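# Notes for the structure review
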Amino acid sequence: MPRTGSGRRSTIYDIAEAAGASASTVSLVLNGSWTRYRIKEETAKRILKTARELGYAVNMKARGLRLSRSGLAGMIIPHYRNRFFAGLAEAFETETRARGLCPIVVSTQRDEGIEASVTATLLSQQVEFLFIAGVRHTQPLNALCHAAGIPCVNLDLPGSDAPSVVTDNYNGARMLTEGLINRMRKRRTASSSLLFLGGVEGEHATDRRIAGFRDAVAASGLDAEPEVYCCGYRPSAAREALAERFAKHGHMPGGLFINSITAFEGLVQFSLQVPRNAMRDVSTVCSDWDPFAAHLPFDVTMTRQNVEAIIAEGYTLIDTYEPGKNPVVVVPPEFAPSLEKESNWR
């Protein structure tokens, strides 16, 4: 640990006194934030020189102490398997290059160990900032960024320790469910039951969608108890959950709310394993989007999360970043009306 000549551990106040600067200015320089607060390079160099003389040199790289920008912008995502995360990565790369920076995007497979390892590696490469997308437990990663003096923004799933940009999952789900119920009534389906399928209970996006789904059903006056199966996101899990329910009831629900395009893939797999007329009277909505769904032989409506707006809002938070201020920006989803159609099952 750095110490003064008297053997006492030195503090930012010692550096401030020796460098002829305020303690707040020293703090901003030491955590790498000095350029965002228009501190002169001459002042920053003087403070860093003083810090080295007091024994801080060994910590400089780890704490992101630098005078030159790396030109790198980092982003982690769970995977590229659905269009949301792939689209989010593409929008990030486009906007980042437009700003004259080099984007680095790494998938972490929703593995907390990989998330922490990748974050630490990107920080060691001195990325200018980090976008953390689709991470369930953001606090450890936010803490790594704060320790390195690097701004970070959580995307898709929010966190309390950094600014966040999320989709309006509640209102998006409520509107999807209202449309689902209206189409069920219009088609006079044999079953009035509704099933919410997919996602992880306790996860922000899933919980908000479930709340919107339940509230829409309650407000509709529909005489049906909404079912919720949080089976995760794997297609196989969604397929198995549907098969289990079908075996139990002998028919499909009148309305299906599919939470994620990967769970929707499980529905498609299931539909190929049951009699063709099993899907005839089912109305389906999905909180994710894939244009190929337009070619499916059953009724489906989807929403598209606005990845361009999410990235734009994320950059706004980076541009106005203030440590300790962690707003949550909510972006409305977009409907994909071209996918609304009547079933053509025979």
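Overview of the structure. (Residues numbered from 1 in each chain as written. Predicted model: local features only at pLDDT ≥ 70, side-chain atom pairs only at ≥ 80, totals over all residues. Heavy atoms only, no water.)

### Some points on the pairing of strand β10 (residues 300–304)
Of all 5 residues that make up β10, 5 are buried, and the element is covered over most of its length. Bridge count between β10 and strand β12 (residues 334–335): 2 bridges; the pairing is antiparallel. Note that in β12 the partner of Arg-304 across the bridge is Glu-334. (Buried < 20%, exposed > 50% of the residue type's maximum accessible area, 1.4 Å probe, protein only. Helix = DSSP H or I, 4+ residues; strand = E, 2+ residues; numbered from the N terminus. Pairing = 2+ DSSP bridges.)

### A closer look at the nonpolar core
General note: in soluble globular proteins, nonpolar side chains tend to be found buried as a group. Counting residues in each nonpolar core, the largest one holds 25 residues, and the members touching the most others are Met-75, Leu-88, Phe-92, Phe-131, Leu-155 and Ile-311. Elements supplying a minimum of two residues to this core: β1 (72–77), α4 (83–98), β3 (130–133), β4 (152–155), α11 (307–319) and β11 (328–331). By size, the runner-up hydrophobic cluster in this structure holds 23 residues, among which are Leu-195, Met-252, Met-279 and Ala-293. (Core = buried A, V, L, I, M, F, W, Y, C linked by side-chain atoms within 4.5 Å.)

### Details of the layout of surface pockets
What the second largest pocket holds in volume is close to 290 Å³. Around the second largest pocket sit 23 residues that line it, and His-79, Arg-110, Tyr-233, Ser-260 and Thr-262 are the ones nearest its centre. At the level of elements, α4 and α8 (204–220) are the ones that each hand at least two residues to the lining of the second largest pocket. The residue makeup of the lining of the second largest pocket, split by class, is 8 nonpolar, 7 polar and 8 charged. (1 Å grid on protein atoms, 1.4 Å probe; cavity = no way out; pocket = protein on both sides within 12 Å on 5 of 7 lines; lining within 4 Å. Points joined across faces, edges and corners; volume = space filled by probe spheres on them. Nonpolar A, V, L, I, M, F, W, Y, C, P; charged D, E, K, R; others polar.)

### Here we look at α11
With 13 residues, α11 extends 18 Å between its outermost C-alpha atoms, agreeing within 8% with the 18 Å of an ideal straight helix rising 1.5 Å per residue. Those residues of α11 that fall on the buried side of the exposure criterion are Val-307, Ile-310, Ile-311, Gly-314, Tyr-315, Leu-317 and Ile-318. Buried residues of α11 fall within an arc of 155° about the axis and therefore sit on the same side. (Expected span 1.5 Å × (residues − 1). Arc of directions from axis to C-beta.)

### What to know about the packing of aromatic side chains
In total, this model carries 9 aromatic pairs according to the counting rule given. Centroid distance Phe-131 to Tyr-315: 5.5 Å. Interplanar angle 75°. Geometry classified as edge-to-face. Residue Phe-131 is found in strand β3, and its partner Tyr-315 is found in helix α11; the two are separated by 184 residues along the sequence. The burial state of Phe-131 is the same as that of Tyr-315; both residues are buried. Arranged with centres 5.9 Å apart and planes meeting at 65°, the rings of Phe-213 and Phe-257 form a pair that is edge-to-face. With a gap of 44 residues between them, Phe-213 in helix α8 and Phe-257 in strand β8 (residues 255–258) connect regions that are remote in the sequence. Each member of the pair, Phe-213 together with Phe-257, is buried. Grouped by ring-pair contacts, the aromatic residues Phe-92, Phe-129, Phe-131 and Tyr-315 constitute a single cluster. For Arg-304, the ring lying beneath its charged end belongs to Trp-289, and the centroid distance is 6.0 Å. (Phe/Tyr/Trp six-rings, centres within 6.5 Å; stacked < 30°, edge-to-face > 60°. Lys NZ or Arg CZ within 6 Å of the ring centre and 35° of its normal.)

### Structural notes on the sheet that holds β10
Pairing is mixed in the open sheet, where 6 strands are placed in the order β7-β6-β8-β9-β10-β12. Here the strands that pair on one side only, and so sit at the sheet edges, are β7 (227–229) and β12.

None of this, on its own, says anything about what the molecule does.
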